[in-house]
Amino acid sequence: QVQLVESGGGLVQAGGSLRLSCAASGRTFSSCWFRQAPGKEREFVAAINWSGGSIQYADSVKGRFTISRDNAKNTVYLQMNSLKPEDTAVYYCAASSTTTLASTQAARYEYWGQGTQVTVSS
(Lines give C-alpha, C1' and ligand atoms only; values in the text may rest on other atoms or scores of the structure.)
Protein backbone atom coordinates (compact mmCIF):
# COMPACT_ATOMS: atom_id res chain seq x y z
CA GLN A 1 0.00 0.00 0.00
CA VAL A 2 1.43 3.34 -1.09
CA GLN A 3 0.59 6.50 0.79
CA LEU A 4 0.60 9.93 -0.87
CA VAL A 5 1.05 13.21 0.94
CA GLU A 6 0.43 16.52 -0.84
CA SER A 7 1.84 19.86 0.22
CA GLY A 8 2.31 23.35 -1.15
CA GLY A 9 -1.25 24.60 -1.34
CA GLY A 10 -2.28 28.00 -0.06
CA LEU A 11 -3.73 31.39 -0.85
CA VAL A 12 -2.32 33.38 -3.76
CA GLN A 13 -3.40 36.37 -5.80
CA ALA A 14 -4.44 36.01 -9.42
CA GLY A 15 -1.37 35.91 -11.64
CA GLY A 16 0.73 34.33 -8.92
CA SER A 17 2.36 30.93 -8.68
CA LEU A 18 2.33 27.90 -6.42
CA ARG A 19 4.19 24.61 -6.49
CA LEU A 20 2.44 21.50 -5.23
CA SER A 21 4.36 18.42 -4.15
CA CYS A 22 3.17 14.85 -3.77
CA ALA A 23 5.45 12.52 -1.84
CA ALA A 24 4.84 8.78 -2.17
CA SER A 25 5.84 6.20 0.43
CA GLY A 26 6.86 3.78 -2.29
CA ARG A 27 7.57 3.47 -5.97
CA THR A 28 4.77 4.14 -8.41
CA PHE A 29 4.54 4.32 -12.16
CA SER A 30 2.10 6.89 -13.46
CA SER A 31 1.02 9.86 -11.37
CA CYS A 32 -1.45 12.67 -11.82
CA TRP A 33 -3.23 15.62 -10.32
CA PHE A 34 -6.97 16.13 -10.17
CA ARG A 35 -8.90 19.00 -8.62
CA GLN A 36 -12.35 19.58 -7.26
CA ALA A 37 -13.97 22.96 -6.78
CA PRO A 38 -16.97 23.45 -4.47
CA GLY A 39 -20.14 22.21 -6.10
CA LYS A 40 -18.29 20.80 -9.07
CA GLU A 41 -17.15 17.37 -10.13
CA ARG A 42 -13.55 16.28 -9.80
CA GLU A 43 -11.60 17.10 -12.95
CA PHE A 44 -8.33 15.98 -14.45
CA VAL A 45 -5.45 18.45 -14.36
CA ALA A 46 -2.22 16.74 -15.42
CA ALA A 47 -0.60 13.30 -15.63
CA ILE A 48 2.92 11.96 -16.08
CA ASN A 49 4.31 8.49 -16.62
CA TRP A 50 7.28 7.06 -14.74
CA SER A 51 9.95 8.22 -17.17
CA GLY A 52 8.41 11.64 -17.69
CA GLY A 53 8.32 10.92 -21.40
CA SER A 54 4.54 10.98 -21.56
CA ILE A 55 2.64 13.93 -20.13
CA GLN A 56 -0.94 15.12 -20.51
CA TYR A 57 -2.65 18.34 -19.45
CA ALA A 58 -6.21 19.53 -19.30
CA ASP A 59 -6.85 22.24 -21.87
CA SER A 60 -7.68 24.68 -19.09
CA VAL A 61 -4.14 24.53 -17.66
CA LYS A 62 -1.98 24.04 -20.75
CA GLY A 63 0.79 26.60 -20.94
CA ARG A 64 0.36 27.57 -17.28
CA PHE A 65 0.91 24.35 -15.30
CA THR A 66 3.86 21.96 -15.47
CA ILE A 67 3.93 18.46 -14.03
CA SER A 68 7.25 16.82 -13.25
CA ARG A 69 8.70 14.08 -11.08
CA ASP A 70 11.81 13.11 -9.18
CA ASN A 71 11.86 9.32 -8.99
CA ALA A 72 14.80 9.30 -6.60
CA LYS A 73 12.56 11.11 -4.11
CA ASN A 74 9.30 9.37 -5.14
CA THR A 75 7.85 12.84 -5.54
CA VAL A 76 5.67 14.45 -8.20
CA TYR A 77 5.32 18.19 -8.59
CA LEU A 78 2.80 20.56 -10.11
CA GLN A 79 4.15 24.00 -10.88
CA MET A 80 1.22 26.37 -11.31
CA ASN A 81 1.84 29.77 -12.88
CA SER A 82 -0.48 32.58 -13.98
CA LEU A 83 -3.08 31.33 -11.55
CA LYS A 84 -6.68 32.37 -12.04
CA PRO A 85 -9.59 32.49 -9.58
CA GLU A 86 -11.15 29.57 -11.46
CA ASP A 87 -8.15 27.44 -10.45
CA THR A 88 -9.43 27.55 -6.87
CA ALA A 89 -10.04 23.96 -5.75
CA VAL A 90 -8.80 21.12 -3.62
CA TYR A 91 -5.98 19.50 -5.55
CA TYR A 92 -5.49 15.75 -5.25
CA CYS A 93 -2.47 13.72 -6.18
CA ALA A 94 -2.99 10.17 -7.41
CA ALA A 95 -0.66 7.39 -8.47
CA SER A 96 -0.67 3.90 -9.86
CA SER A 97 1.66 0.96 -9.40
CA THR A 98 0.11 -0.85 -12.37
CA THR A 99 -0.70 1.79 -15.00
CA THR A 100 2.31 2.82 -17.03
CA LEU A 101 0.54 5.40 -19.18
CA ALA A 102 -0.11 9.01 -18.28
CA SER A 103 -3.85 8.43 -18.04
CA THR A 104 -6.50 11.13 -17.69
CA GLN A 105 -8.92 8.66 -16.11
CA ALA A 106 -9.27 8.69 -12.33
CA ALA A 107 -10.15 4.99 -12.26
CA ARG A 108 -6.64 4.14 -13.46
CA TYR A 109 -5.09 5.32 -10.20
CA GLU A 110 -5.23 3.16 -7.05
CA TYR A 111 -3.66 5.57 -4.59
CA TRP A 112 -4.95 9.03 -3.68
CA GLY A 113 -3.72 11.74 -1.37
CA GLN A 114 -5.83 13.67 1.11
CA GLY A 115 -5.85 16.84 -0.98
CA THR A 116 -4.44 20.32 -0.57
CA GLN A 117 -6.43 23.54 -0.88
CA VAL A 118 -5.47 26.11 -3.50
CA THR A 119 -7.27 29.44 -3.32
CA VAL A 120 -6.70 32.15 -5.92
CA SER A 121 -8.05 35.59 -5.06
CA SER A 122 -9.03 38.13 -7.70
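In the block above lies the structure referred to throughout.
As the structure is a computational prediction, the values presented were derived from the model and not from experiment.

1. Things to note about the overall build of the chain
Okay, step 1: Scanning the chain for helices and strands turns up zero helices and 11 strands.
Okay, step 2: Going from N to C terminus, the chain has its helices and strands arranged as β-β-β-β-β-β-β-β-β-β-β.
Okay, step 3: With respect to the principal axes defined by its C-alpha atoms, the chain has extents near 40 × 25 × 25 Å.
Okay, step 4: Taken across its 122 residues, the chain has 45% of its residues classed as buried.
Okay, step 5: Summarising the internal contacts of the chain: among those between residues at least 6 apart in sequence, 58% fall at separations of at least 24.
Okay, step 6: The centroid of the 11 positive side-chain charges in the chain is displaced by 5 Å from the centroid of its 8 negative side-chain charges.

2. Remarks on the state of the cysteines
Okay, step 1: For the structure on display, the rule yields one disulfide.
Okay, step 2: For the unlinked cysteine Cys32, the closest cysteine sulfur is that of Cys93, found at 6.9 Å.
Okay, step 3: On the basis of relative accessible area, Cys32 is assigned to the buried category, the value being 0%.

3. Thoughts on empty space enclosed by the protein
Okay, step 1: One pass over the full model with this rule turns up one cavity of 30 Å³ or more.
Okay, step 2: In this structure, the largest cavity spans a volume of roughly 80 Å³.
Okay, step 3: Lining the largest cavity are 14 residues, with Ala24, Thr28, Arg69, Asn74 and Thr75 sitting closest to its centre.
Okay, step 4: Residue classes in the lining of the largest cavity are distributed as six nonpolar, six polar and two charged.

4. Overview of unusual backbone geometry
Okay, step 1: Positive phi, close to 50°, is recorded for Asn74, a residue that is not glycine.
Okay, step 2: According to the relative accessible area criterion, Asn74 is partly exposed, its value standing at 28%.
Okay, step 3: In this model, Ser82 sits at a positive phi of 50°, which is unusual for a non-glycine residue.
Okay, step 4: Following the sequence through the fold, Ser82 ends up in the loop between β8 (75-80) and β9 (89-95).
Okay, step 5: Classification of Ser82 by relative accessible area gives partly exposed; the value is 41%.

5. Structural notes on the packing of aromatic side chains
Okay, step 1: Counted by the stated rule, this structure contains two aromatic pairs.
Okay, step 2: Centre to centre, the rings of Phe34 and Phe44 are 5.6 Å apart; their planes meet at 75°, and the pair counts as edge-to-face. Taken together, the residues span a long stretch of sequence, with Phe34 in strand β4 (residues 31-36) and Phe44 in strand β5 (residues 43-48) at a distance of 10 residues. No difference in accessibility class separates Phe34 from Phe44, as the two residues are buried.
Okay, step 3: Ring pairs connect the aromatic residues Phe34, Phe44 and Trp112, which therefore count as one cluster.
Okay, step 4: We note Arg19 situated over the ring of Tyr77; from NZ or CZ to the ring centre the distance is 4.0 Å.
Okay, step 5: One residue, Arg42, lies across the ring of Trp112, its end atom 4.5 Å from the ring centre.

Cut-offs and rules
- Residues numbered from 1 in each chain as written.
- Predicted model: local features only at pLDDT ≥ 70, side-chain atom pairs only at ≥ 80, totals over all residues.
- Heavy atoms only, no water.
- Helix = DSSP H or I, 4+ residues; strand = E, 2+ residues; numbered from the N terminus.
- Buried < 20%, exposed > 50% of the residue type's maximum accessible area, 1.4 Å probe, protein only.
- Contact = heavy atoms within 4.5 Å.
- Lys, Arg positive; Asp, Glu negative; His and termini not counted.
- Charge placed at Lys NZ, Arg CZ, Asp CG, Glu CD.
- Disulfide = S-S within 2.5 Å.
- 1 Å grid on protein atoms, 1.4 Å probe; cavity = no way out; pocket = protein on both sides within 12 Å on 5 of 7 lines; lining within 4 Å.
- Points joined across faces, edges and corners; volume = space filled by probe spheres on them.
- Nonpolar A, V, L, I, M, F, W, Y, C, P; charged D, E, K, R; others polar.
- Phe/Tyr/Trp six-rings, centres within 6.5 Å; stacked < 30°, edge-to-face > 60°.
- Lys NZ or Arg CZ within 6 Å of the ring centre and 35° of its normal.

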